[in-house]
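Residue-level listing of the chains:
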Amino acid sequence: MKIKTEEFIDNKIRGKNILINEEDVYYHELDSYKKYQNLGYLYFKEYLYVFIGIFISLIIVIINSIRIKDIVINGNYPINKKIKNDIYEYTHQLLGIRFLNTNLKELNIKIRSAYNMYEWISITKKGNIVYVNITKQPKYDDLSDDSNGGDILSKYDGVIKYYRIYQGLGNVCYNKSVKKGDLLVSGNVYDHLVNPKAIILAEIYQEYSITINKNRVLNEYSGKIKTVKEINFCNLKFKFKKNPFKFYDIKKEKRFSFLNFISYYDIHIYEKSDIISIYTFDEAYELAKSEILKDFTYNMVFEKEKILEYFIIGYEINDNYSFKILTKELKNIT
């Protein structure tokens, strides 16, 4: 039985190439029907990469919103480094990406408890940045008397130059000399026990022993420059060329960034070469003082604390400069 091809021109099921015998027509009908049954699969296969791309983009956005890129503190406080280190204690890293392992409410409570000498510390997170807001003036406003009492004793020998007693019975006055262990503030106020709180600064003397190597190495630019490409993905860095220099400085130039998650950089590497010189006595002494100041600043609690004077009380010169330095400091003694 012959069938006219024109009968099937508009029939999408049978298709456009129709054979003239009945058996073949029937076969093509069945084959096309099966294809249309799998039309959903064909669409899925065609747009699979689109679905994968959308899924990966969502994952990137989610990870970028919960990861921690940096911690920003609202001022240059002596405790900045300590607070950052303490916050990092409540994070963990996975494939170079840092996440909080506690919620912000718990983190705020823990940090405020650790630094309760400050009026207020609040921690918030916007995007992938953690913001720490510290009140500038240390202060005790949340006074309470529901404690078992206690006393504040002096940690150093010194002469009191500044004090503020927020709670408790004071045993201090301006220019009063105190020794280590002396009572400064009592928690027993007329037979009523309170938790004593105070800021007390005194002039004290501290002795330091510092050793400075005579030789110093200076790095100067040689004039050689190398540029390499870098891709940063989830804090994992991939460089296309190796750095050929032993001593160098780097300047990074961002070429592309997507949500601070995938970045592309040109990295310009400037070679430096070693020049060995010898510290003079005065240079070594200044370096020794800077080491003392760095240590003092790291341990500061209140902004009013400072080093007032430095005195050399002894030194030795051999392969190194060995100094004994006495400092006069305005320091927290509570």
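If you're wondering where the values come from, they're calculated on a predicted model, not measured in any experiment.

1. Re the overall build of the protein
Right, so step 1: Assigned secondary structure in the protein consists of six helices and 19 strands.
Right, so step 2: Relative to its full complement of 334 residues, the protein shows a buried share of 30%.
Right, so step 3: Of the contacts formed within the protein by residues at least 6 apart in sequence, a portion of 61% connects residues at least 24 apart.
Right, so step 4: Put simply, the protein shows about 21,900 Å² of open surface, and 53% of that area lies on carbon and sulfur atoms.

2. Quick word on the nonpolar core
Nonpolar side chains in soluble globular proteins tend to end up buried together.
Right, so step 1: Core analysis: the largest hydrophobic core is formed by 16 residues, its most contacted members being I83, I87, I111, I121, I123, V132 and I134.
Right, so step 2: If you list the elements that add at least two residues to this core, you get β1 (70-73), α4 (80-88), α5 (104-114), β4 (121-126) and β5 (129-134).
Right, so step 3: It is β5 that contributes the most residues to this core, three residues altogether.
Right, so step 4: In terms of nonpolar packing, the next biggest core, distinct from the first, is built from 14 residues, I210, I212, Y321 and I325 among them.

3. Considerations on the pairing of strand β2 (residues 91-94)
Right, so step 1: Inspection of the sheet shows β2 paired to strand β3 (residues 97-100) by four bridges, in the antiparallel sense. For H92, the partnering residue across the bridge sits in β3 and is F99.

4. Observations regarding α4
Right, so step 1: When α4 is considered as a whole, its buried residues turn out to be N80, I83 and I87. All buried residues of α4 fall inside an arc of 65° around its axis, so they share one side.

5. Observations regarding the confidence of the model for the protein
The predicted coordinates of low-pLDDT regions are not to be read in fine detail.
Right, so step 1: Summarising the model, the protein shows a mean pLDDT of 76, and 77% of its residues fall at 70 or more.
Right, so step 2: Residue range residues 138-148 is modelled with pLDDT below 50. Its contacts to residues more than four positions away, or to other chains, number 29 contacts.

6. Description of the sheet that holds β5
Right, so step 1: Read across the open sheet, the three strands follow the order β1-β5-β4; overall the sheet is mixed. The open sheet has two free edges, formed respectively by β1 and β4, since each of these has just one partner strand. Taking the axes of each pair of neighbouring strands and ignoring which way they run, one obtains an average angle of 20° across the sheet.
Right, so step 2: Looking at chain direction, β4 and β5 are connected through six bridges and run antiparallel. By the bridge assignment for β5, K125 is matched with V130.
Right, so step 3: Here α4 sits on the sheet and contacts β1, β4 and β5; the angle it forms with β1, its principal contact strand, is near 145°.

7. Description of the environment of G170
Right, so step 1: Position of G170 among the secondary structure elements: in strand β8 (residues 169-170).
Right, so step 2: Judged by its relative accessible area of 39%, G170 is partly exposed.
Right, so step 3: Separated by 28 residues in sequence, G170 and A198 place their C-alpha atoms 8.8 Å apart.
Right, so step 4: The contact partners of G170, leaving out residues within four places of it in the chain, are I165, L184 and V185.

8. Considering a nonpolar patch on the surface
Right, so step 1: A surface patch of nonpolar side chains, about 660 Å² in accessible area, is lined by Y47, V50, F51, I54, L58, I62 and I66.
Right, so step 2: Residue placement: V50 occurs in helix α3 (residues 48-66).

Rules behind the numbers
Residues numbered from 1 in each chain as written. Predicted model: local features only at pLDDT ≥ 70, side-chain atom pairs only at ≥ 80, totals over all residues. Heavy atoms only, no water. Helix = DSSP H or I, 4+ residues; strand = E, 2+ residues; numbered from the N terminus. Buried < 20%, exposed > 50% of the residue type's maximum accessible area, 1.4 Å probe, protein only. Contact = heavy atoms within 4.5 Å. Areas by Shrake-Rupley, 256 points an atom, 1.4 Å probe, with all protein chains shown as cover. Core = buried A, V, L, I, M, F, W, Y, C linked by side-chain atoms within 4.5 Å. Pairing = 2+ DSSP bridges. Arc of directions from axis to C-beta. pLDDT = per-residue confidence, 0-100. Axes fitted to C-alpha atoms, helices over the stretch in contact; angles between N-to-C directions. Patch = residues over 30% accessible without salt bridge, like charges linked within 9 Å, V, L, I, M, F, W, Y side chains within 5 Å. Salt bridge = Lys/Arg side-chain N within 4 Å of Asp/Glu carboxyl O.

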